[in-house]
Amino acid sequence: SAVISQKPSRDICQRGTSLTIQCQVDSQVTMMFWYRQQPGQSLTLIATANQGSEATYESGFVIDKFPISRPNLTFSTLTVSNMSPEDSSIYLCSARGLAANTGELFFGEGSRLTVL
Amino acid sequence: GESVGLHLPTLSVQEGDNSIINCAYSNSASDYFIWYKQESGKGPQFIIDIRSNMDKRQGQRVTVLLNKTVKHLSLQIAATQPGDSAVYFCAEKENYGQNFVFGPGTRLSVLP
């Protein structure tokens, strides 16, 4: 299994500002993903973080709002831009192992953002 | 599109009893399923997985059953303990796909 570290673990942000969340995996992984979990809700995939290229976004999520970087196989960042109270959520980084079409999806502990 | 849902949003069980958490999925092309446990303030934790070529898989105190005919997945927890209190999610992945789709979750409360 992979150990996934995220920071910050939580933050309180002002409306209109942006925040970058960092995700570090302790081993090389083929796939990295970013999920959003709104209060009391399930997980919704934001995008797949592709190494060395633009992320692949799911319907309803756009690069201008959620820019993502993945410079190597173990690190990714998600920025939540121009935040509003509706962006208050837990943002979760996840990863799958080297056997891309097999293997479980592991999660970090999440970054809990509150936007005032 | 594919969707995953749950029959029961909340479940309360007595300590020591067995728990059964259910999940329905709609995508017949899904070939890999995972159950996750999420405790308050933490990320989802992998519990057990099953592939579509299996009907049953057992772990420590947990069993996952897959019924492909009716597209139904269940998680059985034996001798439920207070530490099992959490929200449980099922997730599915389509064959040759990379993304997992998560169900809405079931909150399990273990009563003393």
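The structure under discussion appears in the preceding block.
Computed from a predicted structure; not experimentally measured.

Counting secondary structure elements, chain B contains 0 helices and 11 strands. In chain B, the succession of helices and strands from N to C terminus is β-β-β-β-β-β-β-β-β-β-β. In terms of overall dimensions, chain B is globule-like: its C-alpha atoms have a radius of gyration of 13 Å, near the 13 Å expected for 112 residues. A burial count over chain B gives 45% of its 112 residues as buried. Look at the contacts in chain B between residues 6 or more apart in sequence, and 54% of them connect residues 24 or more apart.

To continue, consider the interface of chain B and chain A. Facing 21 residues of chain B, the contacting portion of chain A comprises 22 residues. Of the roughly 1,600 Å² buried between chain B and chain A, counting both surfaces, carbon and sulfur atoms make up 50%. The tally of links from chain B across to chain A stands at 0 salt bridges. Our count for the contact surface shared by chain B and chain A stands at 7 residue pairs in polar contact (both at pLDDT 80 or more). Contributions of two or more residues to the side of chain B that touches chain A are made by strand S4 (30-38), strand S5 (45-51), strand S9 (86-94) and strand S10 (100-102) of chain B. A per-element tally of the side of chain B that touches chain A places S4(B) first, with 4 residues.

Residues and elements named next belong to chain B. For the structure on display, the rule yields 6 salt bridges over all chains. Ionic pairing is found between glutamate 39 and lysine 42, a salt bridge with its closest N-O pair at 4.0 Å. For glutamate 39, a relative accessible area of 27% gives the class partly exposed. Taking the shortest distance from any N to any O, the salt bridge between aspartate 49 and arginine 57 comes out at 2.2 Å. Overall, the relative accessible area of 10% leaves aspartate 49 in the buried class. Judged by its relative accessible area of 35%, arginine 57 falls in the partly exposed class.

Next up on the list: unusual backbone geometry. In this structure, the amide linkage connecting Lys7(A) to the following residue, Pro8(A), adopts the cis form with an omega of 5°. Phi angles above zero are rare outside glycine, and Arg61(B) is one such case at about 65°. Mapped onto the elements of the fold, Arg61(B) is located in the loop between strand S6 (56-58) and strand S7 (62-67). We classify Arg61(B) as partly exposed; its relative accessible area is 29%.

This brings us to the nonpolar core. Formed by 27 residues in total, the largest nonpolar core has its most connected members in Met32(A), Trp34(A), Ile46(A), Phe66(A), Ile68(A), Leu78(A) and Tyr91(A). Listing elements by their share of this core, those giving two or more residues are strand S3 (19-25), strand S4 (31-37), strand S5 (43-49), strand S8 (75-80), strand S9 (89-96) and strand S11 (111-115) of chain A. Broken down by element, this core gets its largest block of residues, 4 residues, from S3(A). The residues touching Tyr91(A), leaving out its near neighbours within four places in the chain, are Gln6(A), Ile21(A), Tyr35(A), Arg36(A), Ile46(A), Phe66(A), Leu78(A), Val80(A), Gly110(A), Ser111(A) and Leu113(A). Core analysis: the next-biggest nonpolar cluster, separate from the first, contains 20 residues, Val13(B), Trp35(B), Leu73(B) and Val110(B) among them.

Calculation criteria
- Residues numbered from 1 in each chain as written.
- Chains lettered and ligands numbered in written order.
- Predicted model: local features only at pLDDT ≥ 70, side-chain atom pairs only at ≥ 80, totals over all residues.
- Heavy atoms only, no water.
- Helix = DSSP H or I, 4+ residues; strand = E, 2+ residues; numbered from the N terminus.
- Rg over C-alpha atoms; globule rule 2.2 N^0.38 Å.
- Buried < 20%, exposed > 50% of the residue type's maximum accessible area, 1.4 Å probe, protein only.
- Contact = heavy atoms within 4.5 Å.
- Buried area = accessible area lost by both parts, 1.4 Å probe.
- Salt bridge = Lys/Arg side-chain N within 4 Å of Asp/Glu carboxyl O.
- Polar contact = N/O pair within 3.5 Å; in protein donor to acceptor, adjacent residues only side chain to side chain.
- Core = buried A, V, L, I, M, F, W, Y, C linked by side-chain atoms within 4.5 Å.

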